[in-house]
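One letter stands for each residue in the lines below.
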Amino acid sequence: MPNLSNRLTLLREKQGWSKAETARRLGLKAPSTYGNWEYGIREPDLDMVTQIATLYDVSVDYLLGQQSIPTYAPSELQGEKDIAKRMIKISEDLRYEDDLNLNGKPLNDSAAHFLADSIDFLYEQAKKLND
């Protein structure tokens, strides 16, 4: 299961923010505080976890690894008609989720990264063809 530090990195990078920018948005005096959370050296208190969830528009459960989908229910993703959202979710799962299987066997890191990179490539090519 992904840990808080992985989720923080993923969400920050999706926004295109630096660690310093994210720390500023959270009202932190020292950008290193946020960096320590991403590096897994320290963890934010519960009030700050709530602020982070609000900043990234995700649930606290998602940040803490209790839920694998950041902003919507799994049943909504299954019925999602926009294939881009589904592809992005699969790619994120492959990069950040542990204990995934492929044909009933544990998925190793090399295969997971290969699949995620392939999905990202296919998504970008399909976007170009669809424009």
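Notes on the structure in this doc start here. Given the structure is predicted, the values throughout are model-derived calculations rather than measurements.

What counts and how
Residues numbered from 1 in each chain as written. Predicted model: local features only at pLDDT ≥ 70, side-chain atom pairs only at ≥ 80, totals over all residues. Heavy atoms only, no water. Helix = DSSP H or I, 4+ residues; strand = E, 2+ residues; numbered from the N terminus. Buried < 20%, exposed > 50% of the residue type's maximum accessible area, 1.4 Å probe, protein only. Contact = heavy atoms within 4.5 Å. Areas by Shrake-Rupley, 256 points an atom, 1.4 Å probe, with all protein chains shown as cover. 1 Å grid on protein atoms, 1.4 Å probe; cavity = no way out; pocket = protein on both sides within 12 Å on 5 of 7 lines; lining within 4 Å. Points joined across faces, edges and corners; volume = space filled by probe spheres on them. Nonpolar A, V, L, I, M, F, W, Y, C, P; charged D, E, K, R; others polar. Phe/Tyr/Trp six-rings, centres within 6.5 Å; stacked < 30°, edge-to-face > 60°. Arc of directions from axis to C-beta.

### Focus on the overall build of the chain
- Counting its regular elements, the chain contains eight helices and two strands.
- Looking at the chain as a whole, 33% of its 131 residues are labelled buried.
- In the chain, the proportion of contacts linking residues at least 24 apart, taken out of those at least 6 apart, comes to 49%.
- Accessible surface computed for the chain: about 8,600 Å², of which carbon and sulfur atoms make up 50%.

### Concerning unusual backbone geometry
- Despite not being glycine, Asp57 has its phi angle at roughly 60°, a positive value.
- The residue Asp57 is located in the loop between α4 (46–56) and α5 (60–63) in this model.
- Asp57 gets classed as exposed once you look at its relative accessible area, which sits at 59%.
- With a phi angle near 55°, Asn103 is a residue other than glycine that sits in the positive phi range.
- Mapped onto the elements of the fold, Asn103 is located in the loop between β1 (101–102) and β2 (105–106).

### Comments concerning the layout of surface pockets
- The space that makes up the second largest pocket amounts to roughly 180 Å³.
- Along the walls of the second largest pocket sit Asn6, Leu94, Arg95, Tyr96, Glu97, Asp98, Asp99, Leu100, Leu107, Asp109, Ala112 and His113, which together make up its complete lining.
- Elements supplying a minimum of two residues to the lining of the second largest pocket: α7 (83–96) and α8 (109–130).
- Considering only residue class, the lining of the second largest pocket consists of five nonpolar, two polar and five charged.

### Describing the packing of aromatic side chains
- By the definition in use, this model includes two aromatic pairs.
- Here the aromatic rings of Trp17 and Tyr56 are separated by 5.8 Å at their centres, their planes lie at 25°, and the arrangement is stacked. Of this pair, Trp17 sits in the loop between α1 (4–15) and α2 (19–25) while Tyr56 sits in helix α4, and the two are 39 residues apart along the sequence.
- On the accessibility criterion, Trp17 (14% relative accessible area) is buried.

### A closer look at helix α3 (residues 31–39)
- Those residues of α3 not exposed but buried are Tyr34, Gly35, Trp37 and Glu38. Viewed end-on, α3 has its buried residues packed into an arc of 155°, placing them on one side of the element.
- Residues of α3 that are buried sit in contact with α1, α2 and α4.
- Directly after α3, the chain includes Gly40, whose backbone phi takes a positive value near 80°.

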